[in-house]
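Summary of the model geometry
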Amino acid sequence: MRARQSAERIVIVGAGLAGLRAAERLRELAFDGEIVLIGSEPLRPYHRPALSKGFLSGAMSAADLRLQQYQELGAIWRLDTTALHLQPRRRVVHLPGGEQMNYDGLIIATGVEPKRAANIPHGHPRVVVMRTLADAQRLQKNLAGTRGPVAVIGGGFTGCEIASSLREMDREVTLIGRSKNLMGNVLGEDLGERLTQLHRDHGVRLALGASIQDWLPGHTGMGIRLSDGQMLVASCVVAAVGTVPAVSWLRGAGLRISDGVVCESTCHVVGADDVVAAGDVAQWPNLRFDAVPRRVEHWLNAIEMGRAAAENLLAGPAAAKPFTPMPRFWSEQHGVRIQAAGVPKLGTDTVALSPPAGGGRTVTGYVRDGRLLGVVGMNSPSAVLAWAADLDRQCPVPGELEVPDRPEFSTGEMSRARILAGR
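Residues numbered from 1 in each chain as written. Predicted model: local features only at pLDDT ≥ 70, side-chain atom pairs only at ≥ 80, totals over all residues. Heavy atoms only, no water.

Examining the environment of Val-112
Along the chain, the position of Val-112 falls in strand β8 (residues 112-114). Linking Val-112 and Glu-297, residues 185 residues apart in sequence, is a C-alpha distance of 8.7 Å. (Helix = DSSP H or I, 4+ residues; strand = E, 2+ residues; numbered from the N terminus.)

Put into structure tokens, the structure is as follows:
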């Protein structure tokens, strides 16, 4: 895109974190054309991760959630408006009422939406999801109306954080998950089991390795029959079974859709030079690790990718630079801070990594073919920071020199490390 004329218009579909930071970057780079932000919610961008933490517990209000704006945008906000369809060849976004929004450049930042499993009665007033502020307010209302037990379905980030917040509120909680431990698909078996025990120790009832066989709706709650024979009764049910990319409006647009909108390494949507994508909805190859397109659903990635997508849209495909971040994410559960860097799920084995200055807690390294690809620590901020720096050297941006004396981890070393760690 040649973004140089004030008559030009950039449309950002998705008025969340990635969309906001993309708009700010456009202005920082002196784009003086029209910026239009289209958002399906009636609200300006707000802090979604806080919904399952501070807001749910009452420590934060709705006003506290609003994201700070660091740059004057002079933008047109089209809130409470859902994009219906895209025609990239005509450069048109279709909106309700037959409106057609023309653009010179487009940023797709629609994020994700809650997965709605077919076996969950989402229409029942006592069954809620947690994605938007309206969802969180609905859950608060349900909780305020009863003191009975709460069932949380899903053992991922959101489910675990909600269970932690509910225990802080002194609510009885049962966490239901198909896997045998919590967040095992992200943390691996060993750390997943440690996290599972952490929830047990804080009074969360766990129903893991089980699926829901039947629902028994009532006037004041819900009965749940599990595949292992357990029968639960909950005054409120929170469905946190994962998310899916918000790409239904892109169907039929001729773009590649595969667990998100598929992008080049520069954030440019494959097959559309004047369209980029950013945040949870984007699937792109991070060339630090390999050439496989993946999505990254983390707060910091939405910020960094929003800014990078804006830069590369203005630069155009020929001058654009690959977006090669070092992913970082964190979660806090029962007072324990879980911090991670890299892409742990790419590792085929784990190794215990010592703190840089001795003493303190070890962190877990995720390794493949002797190469460190990710690290995770629990209440180990200094160790995670130090090993993240080493990870940055071992997984350099293509074209940068790799440190020649990086530590290599053999299978034997990893086995010894697990023995020493008592695993």
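A look at the pattern of salt bridges
Under the counting rule described, the total for this entry stands at 19 salt bridges. Among the salt bridges present, the one from Glu-28 reaches Arg-25, with a minimum N-O distance of 2.7 Å. Residue Glu-28 and its partner Arg-25 are located together in helix α1 (residues 17-28), separated by three residues, close to a single helical turn. We note a salt bridge from Glu-161 to Lys-53, for which the minimum N-O separation is 3.3 Å. Within this pair, whereas Glu-161 is found in helix α5 (residues 157-168), its partner Lys-53 is found in the loop between β2 (34-38) and α2 (54-57), the two being separated by 108 residues in sequence. A relative accessible area of 7% means that Glu-161 is categorised as buried. Through salt bridges with shared partners, a single network forms among Arg-25, Glu-28, Arg-307 and Glu-311. (Salt bridge = Lys/Arg side-chain N within 4 Å of Asp/Glu carboxyl O. Buried < 20%, exposed > 50% of the residue type's maximum accessible area, 1.4 Å probe, protein only.)

Quick notes on the side chain of Thr-132
Relative to the assigned elements, Thr-132 resides in the loop between β9 (127-129) and α4 (133-144). Setting aside residues no more than four positions away along its own chain, Thr-132 makes contact with Glu-41, Tyr-46, Arg-48 and Leu-51. (Contact = heavy atoms within 4.5 Å.)

What to know about unusual backbone geometry
Located in the positive-phi region is Asp-369, a residue other than glycine, with phi close to 55°. When you line up the elements, Asp-369 lands in the loop between β25 (363-368) and β26 (371-378). In this model, Asn-379 sits at a positive phi of 55°, which is unusual for a non-glycine residue. Inspection of the secondary structure assignment puts Asn-379 in the loop between β26 and α9 (381-394).

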